[in-house]
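# Per-entry structural report
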Amino acid sequence: MDERPFDHQNAGYVQAIYEDFAKNPESVPDEWRAFFEQGTEAAREAGLIVPEGLRANGDAAVAAPAAPPEPAPQTSGAEIDALRGILPLVARATSFVQAYRDHGHQLSRVDPLGAEPPGHPQLDPSFFGTSMEELEQIPASIIMEGVGDESLAHALHRLRDAYCGSIGYEFEHLEDPSVVRWLWDQVESGVHTQPLPEGEKVRLLQRLTEVEGLEQFLHKAYLGQKRFSLEGNDMMVPMLDMAFEVAAERGAHTVVLGMAHRGRLNALAHTVGIGYEEILREFEGIEAKGALTVEGTGDVKYHHGAEGERELPNGSSIRILLAPNPSHLEFVNPVVVGMARSLQVASDAQDAKQNTAQVLPVLIHGDAAFAGEGVVAETLNIARLRGYSTGGTIHIIVNNQIGFTTLARDGRSTRYASDLAKGFSFPIIHVNADDPEACLSAVRLAMAYRAEYEDDVVIDLLGYRRHGHNEGDEPAYTQPALYASIKDHPTVRTIWRERLIAEGVLTAEDAETMTEHVQGHLRSAQDVIHEEGRREAGDEKAAGTGDLPPSIMVETAVDLSVLEEVNTALLLTPKDFKVHPKLARQLDRRGDGFGPDSALEWAHAEALAFGSLLREKIPVRLTGQDAERGTFSHRHLVLHDAETGEEFTPLKAYGRTRFEIYNSPLSEMAIVGFEYGVSVAAERELVLWEAQFGDFANAAQVSIDQFVSSGWEKWGQLASLVLLLPHGYEGQGPEHSSARLERFLQLCAEDNIRVVYPTTPAQYFHLLRLQAHTQPQRPLIVMSPKSLLRHPKATSDVAELVDGRFRHVIDDPSVTDREQVRRLVLCTGKVFYDLAGHDLRKDAGAIAIARVEELYPFPGEDIRGLIESYPGLEEVLWVQEEPRNMGALSYIGPRLRAVTPRTLPLRHVARPERASPAEGKHIDHLVEQARVMTEALTLAEGPAA
């Protein structure tokens, strides 16, 4: 027979040789050719599929060769009978080997509580019509590599050890056969599962003693206080240690870590390196003095983020960034990968792989949350996209096998908590949390896979939860049998300690000394903070002292020569690059006679703002659905050759610093979280996300509420994210009108964000530059226009970019006699053009229309001065196109009242209160819009504000 080993990736090796024979008999070895020439019946007896196109000739069926082949050496009948007998067995044996690789995880002992693995029918040789005794007849080398002369039955025992021990592997869902083969080789070679040296065994016991010691100390010293104990999955901390050490060996300088509550205090202490004193202060109610200190209202102790520098055993160090996390569990996932991406692209490495090696993102998940929260799927989906990839995230599911009081059978529709990752073709490693060496082996394989393929990998750490969801509830109320078994189950430290004592690595006295040392350290830390005393009530931070420092106005005007340079760069394309003819005409207009009097549309002003910032070495990143072209086909910062489809981005070619623009996937939650993370980690960068319509931002409401608007107050986390939210009532229905301005204004306090509704390209230009230069950073919410993108009146001269600035309030430019004005109409955004261009405006000389461009911070003094500048005013009218219960009215009403003289009536005009933000019928929209215009532009009484 052929001496080549059976290709262990392809169970159809014999079939492949047969098909080669069918095409050209001379291409296969003599023994195989002699067998196949016995004809179709012999092939079918061997279980082979006879390819089409073979020429039948009696009992023989061979491919008709182009030329008569040389006579094959004669093979004896006995040899042919032997081949005919062994081939079906080889095929069955090959399938059985494959079953271990595909389904071995269903025999693995990954549950520390001892649940029987489900098994799989293909893991019994009888499924394939054979037995272990029969398989003894086959040399393993026919099917597997690197097995020497051992029998297949013996090799199968080794496969069982590899695939069905304390680690279970799921690779069969991966799409790339070469990746699968690489993973098989790693597992079957045992390269990642070597026993630990004695010194590392002792170091691991020390770590487990610290992890368990902290949890037990807190449980006794602060009984009943919530801490979301790690007990039952203690190996999470040593696994993180291993990941960081391997990452540092491969060139990493930073790890960005995201996790929810469970085990977070342990991670703060032992992963990030926050001192015990600082953690215990949180339990004692004493003011934190270090990494957990927050100047705002703060957050509970198990939500805090932190930063630390970890010294590694080899003498190197690595920076650990633990991102703060709200109670919304998995919503930190995209924030973490966004932070990692930002740090990677800011690196000065020579190639992309070096960048991704330098920063490692790690996400710790809960089992119920990984399966249950949609943001997990959204985050996994962006892992390989060019605008969001990080070279692979290490995911560890801290699997308690229960979510609050809900068991897996009620929490997911899949066998494993990790099954979601199968849909994205990420390898999955299940591991028993009570087998420390297996846990570390899983991490080594995961890190090797990331280094090899720059891809995500999921480790499902199967443990348990020793206490209830928090330490104040009784789990036996709902799971009495489960918690009876957990109560008597030894901790992983105890299991590992007994093993090392049995192996003679250390003595029981040595292990006890470790425990006493850890507890002594914790008692000393508690003594220190007791001496500090409790915080007096009078020392409490006064309300509002957590405000961000006020922003300083910066110069945003740009010299004409700079604008000319940027404009020229915007219009340059490579030689022979063919811009679409219609688009070419639009772009040509941007260059025609560019000068101070040139009129700019919205997108042109935006491009000039971006280019001017790039010239100042400030990177720009813009993402969103259709961001490259612009949802309304207005931006076109990425050009496509009309014939070849080749892409060209002029601002990238400008080359002053990094310019990123990407069309995002159909996701809001993960992408807003991701871009928030980018802006948090970026030292100085303009980061923007554009919604397709502002209405769709409500799909990212958790990210907006829990991160964008409150990250500073809760965690001291500065961010500069810009949200561009197209807004305006144009008869397009309820989901294409309102960015829910009222919701953003409700989030405003303590100078946390800025909310603006600009009406001119110049205003937008200065706003973008202001955002890029303002320190300290804060997010910016822009109610972006739709119809104004091409509105003939919504243009600005280049001169306004050269000499202007962002104006918080814009007075009516058409007023010639201020003393004749009886009504001052205040509005914001697009409705100004509806009012100013309305037919009734021609007869409304006694009405002035002014625009409030910045809504928060509220420009009260500017508005007060504007009102006082009209001496004959009889009333002030706030006009909006949104319903009364929406838009800015509820926010701006009391603020306008505060700056309007009491003797001056203050009224409003709006749509009536509605449940839906806009009319679904266009004719109804026109009727309501006409009513708003009529009431605003006729001197008649309106409803009181």
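Parameters at a glance
Residue indices begin from 1 for each chain and proceed along its sequence in written order. pLDDT decides what is reported in this predicted model: residues at 70 or higher carry local features, side-chain atom pairs at 80 or more are listed and counted, and totals for whole chains, interfaces and linings draw on all residues regardless. Excluded from the side-chain calculation are hydrogens and water; included are all heavy atoms of the structure. Helix numbers and strand numbers start at the N terminus; a helix is a DSSP run of H or I with at least 4 residues, a strand a run of E with at least 2. Only protein chains enter the accessibility calculation, which uses a 1.4 Å probe. A residue is then buried if its area is under 20% of the maximum for its type, exposed if over 50%, and partly exposed in between. By the convention used here, residues are in contact when the closest approach between their heavy atoms is within 4.5 Å. We get accessible surface area from the Shrake-Rupley algorithm with a probe of 1.4 Å; when it comes to residues, only the shown protein chains can shield them. Strands pair, by our definition, only if DSSP identifies at least two bridges between them. Only the stretch in contact is used when a helix axis is fitted, and all axes are lines through C-alpha atoms; the angle between N-to-C directions ranges over 0 to 180 degrees. Just to be clear on terms, a salt bridge is a Lys or Arg side-chain nitrogen sitting within 4 Å of an Asp or Glu carboxyl oxygen. Only four residue types enter the tally: Lys and Arg on the positive side, Asp and Glu on the negative side; His and the chain ends are excluded. In the analysis that follows, any N or O atom pair within 3.5 Å is treated as a polar contact, provided that within protein one partner can donate a hydrogen and the other can accept it, and provided that, for residues neighboring in sequence, both atoms belong to side chains. Two rings from Phe, Tyr or Trp (for Trp, the six-membered ring) form a pair when their centres sit within 6.5 Å of each other. Planes less than 30 degrees apart are called stacked, planes more than 60 degrees apart edge-to-face, and all others tilted. Here the nonpolar core consists of buried residues drawn from Ala, Val, Leu, Ile, Met, Phe, Trp, Tyr and Cys, with membership extended through side-chain atoms lying within 4.5 Å. By definition, no residue in a patch forms a salt bridge, and every one has over 30% relative accessible area; like charges are joined within 9 Å, nonpolar side chains (Val, Leu, Ile, Met, Phe, Trp, Tyr) within 5 Å. Expected span, for any helix, means 1.5 Å times one less than how many residues it has. The location of each charge is read from NZ of Lys, CZ of Arg, CG of Asp or CD of Glu. As a per-residue quantity, pLDDT reports the predictor's confidence and falls between 0 and 100.

### Looking at the overall build of the protein
If you tally the helices and strands in the protein, you get 34 helices and 28 strands. Residue burial in the protein is summarised as follows: out of 945 residues, 58% are buried. At a minimum sequence separation of 6, the contacts of the protein that also span at least 24 residues come to 79%. About 37800 Å² of surface is accessible on the protein, with carbon and sulfur atoms providing 50% of the total.

### Observations concerning unusual backbone geometry
Put simply, Q775 and P776 share a cis peptide bond, and its omega is -5°. Its place among the elements puts P776 in the loop between α29 (761-773) and β21 (780-784). Phi is positive for R740, close to 60°, though the residue is something other than glycine. Considering the arrangement of structural elements, one finds R740 in the loop between β19 (722-726) and α28 (741-746). Using a relative accessible area of 17% as the deciding quantity, one classes R740 as buried.

### A short note on the sheet that holds strand β27 (residues 875-883)
One open sheet accounts for 5 strands, arranged β23-β25-β24-β27-β28; its pairing is mixed. Looking at the sheet topology across the chains shown, the edges are occupied by β23 (809-810) and β28 (906-911). Bridge analysis of strand β24 (residues 823-827) against strand β25 (residues 847-852) gives 5 bridges, and the strand direction is parallel. Bridge pairing in β25 links L826 to A850.

### Quick notes on the sheet that holds strand β20 (residues 754-756)
Across the sheet, 7 strands lie side by side as β17-β14-β18-β19-β21-β20-β26; this open sheet has mixed pairing. Pairing within the sheet leaves two strands with one partner each, and these edge strands are β17 (659-663) and β26 (854-856). Between one strand axis and the next, the sheet turns by 20° as a mean value, whatever way the strands run. Note: strand β14 (residues 620-624) against β17, 5 bridges, orientation parallel. Of the residues in β17, the one forming a bridge with V620 is F659. The strands that helix α25 (residues 669-681) touches are β14, β18 (686-690) and β19; relative to β18, the one it contacts most, it runs at about 170°.

### A short note on the pattern of salt bridges
Evaluated as defined, the whole model comprises 46 salt bridges. Taken together, the shared-partner salt bridges connect R341, R621, R658, E660, E675 and E685 into one network.

### Section: the side chain of E330
Among the secondary structure elements, E330 is positioned in the loop between β6 (317-322) and α12 (333-345). No salt bridge is formed by the buried E330, whose closest oppositely charged neighbour, R264, lies at an N-O distance of 11 Å. Here H365 takes part through its side chain, which lies 2.6 Å from a polar atom of the side chain of E330. Sequence-distant contacts of E330, that is, excluding residues within four places in its chain, are made with H365, G366, A369, F370, E373, V375 and V376.

### Structural notes on the packing of aromatic side chains
Taken as a whole and assessed by the stated rule, the structure comprises 20 aromatic pairs. Considering the side-chain rings of W182 and Y449, the 6.3 Å spacing of their centres and the 55° angle between planes classify their relative orientation as tilted. Of the two residues, W182 sits in helix α7 (residues 177-189) while Y449 sits in helix α17 (residues 436-453), which places them 267 residues apart along the sequence. Just as W182 is buried, Y449 falls in that class too. Judged by centre distance (5.3 Å) and plane angle (45°), the rings of Y449 and Y453 are tilted. With Y449 and Y453 both in helix α17, this residue pair falls 4 residues apart, about one helical turn. Grouping aromatic residues by their ring pairs yields a cluster made of F96, Y100, F127 and F128.

### Focus: the nonpolar core
Judged by nonpolar contacts, the single largest core of 108 residues is most densely connected at L152, M236, I318, V362 and I364. With residues near it in sequence (within four places) discarded, L152 still touches A93, V97, L135, I138, P139, A140, I143 and M144. Within the second largest apolar cluster, 74 residues are counted, among which are V335, W715, I892 and L906.

### Considerations on the environment of P761
Residue position: P761 is located in helix α29. For P761, a relative accessible area of 0% corresponds to the buried category. When the C-alpha atoms of P761 and L789 are compared, they prove to be 8.6 Å apart, with 28 residues separating the residues in sequence. If near-sequence neighbours (up to four positions away) are discounted, P761 is found in contact with L600, E601, W602, A605, A794, T795 and S796.

### Things to note about a nonpolar patch on the surface
On the surface, I923, L926 and V927 cluster together into a nonpolar patch covering about 280 Å² of accessible area. In this structure, V927 sits in helix α34 (residues 922-937).

### With respect to α7
The terminal C-alpha atoms of α7, which comprises 13 residues, lie 18 Å apart, in line with the 18 Å expected from a rise of 1.5 Å per residue. Regarding α7, the residues found buried are V179, V180, W182, L183, W184, Q186 and V187. Of the residues trailing α7, G190 is marked for its positive phi of about 75°.

### Topic: helix α11 (residues 276-284)
Among the 9 residues in α11, 7 count as buried, and that is most of the element. For α11, the set of buried residues is Y276, E278, I279, L280, R281, F283 and E284. Of the surrounding elements, those touching the buried residues of α11 are α8 (198-221), α10 (264-272) and α20 (508-532). The first or second residue beyond α11 is G285, which carries a positive phi of 75°.

### Describing a negative patch on the surface
Judged by side-chain charge, E509, D510, E512 and E516 come together as a negatively charged surface patch. Structurally, D510 can be placed in helix α20.

### Topic: the side chain of S709
When you line up the elements, S709 lands in the loop between α26 (701-708) and α27 (711-715). Taking relative accessible area as the criterion, S709 reaches 9% and is therefore assigned buried. If we ignore the near neighbours within four places in the chain, the residues touching S709 are I704, L747, N752 and I753.

### Points about the pairing of β25
Of all 6 residues making up β25, 6 are buried, and the element is well covered by its neighbours. Here β25 shows a buried face lined by I847, I849 and R851 and a second buried face lined by A848, A850 and V852. Pairing of β23 with β25 involves 2 bridges; the strand directions are antiparallel. Within β25, the position partnered with I810 by the bridge is R851.

### Comments concerning the confidence of the model for the protein
Summing up the model confidence of the protein, the mean pLDDT is 88 and the portion of residues at 70 or higher is 88%. This model gives residues 1-11 a pLDDT under 50, and the stretch forms 41 contacts once residues within four places in sequence are excluded.

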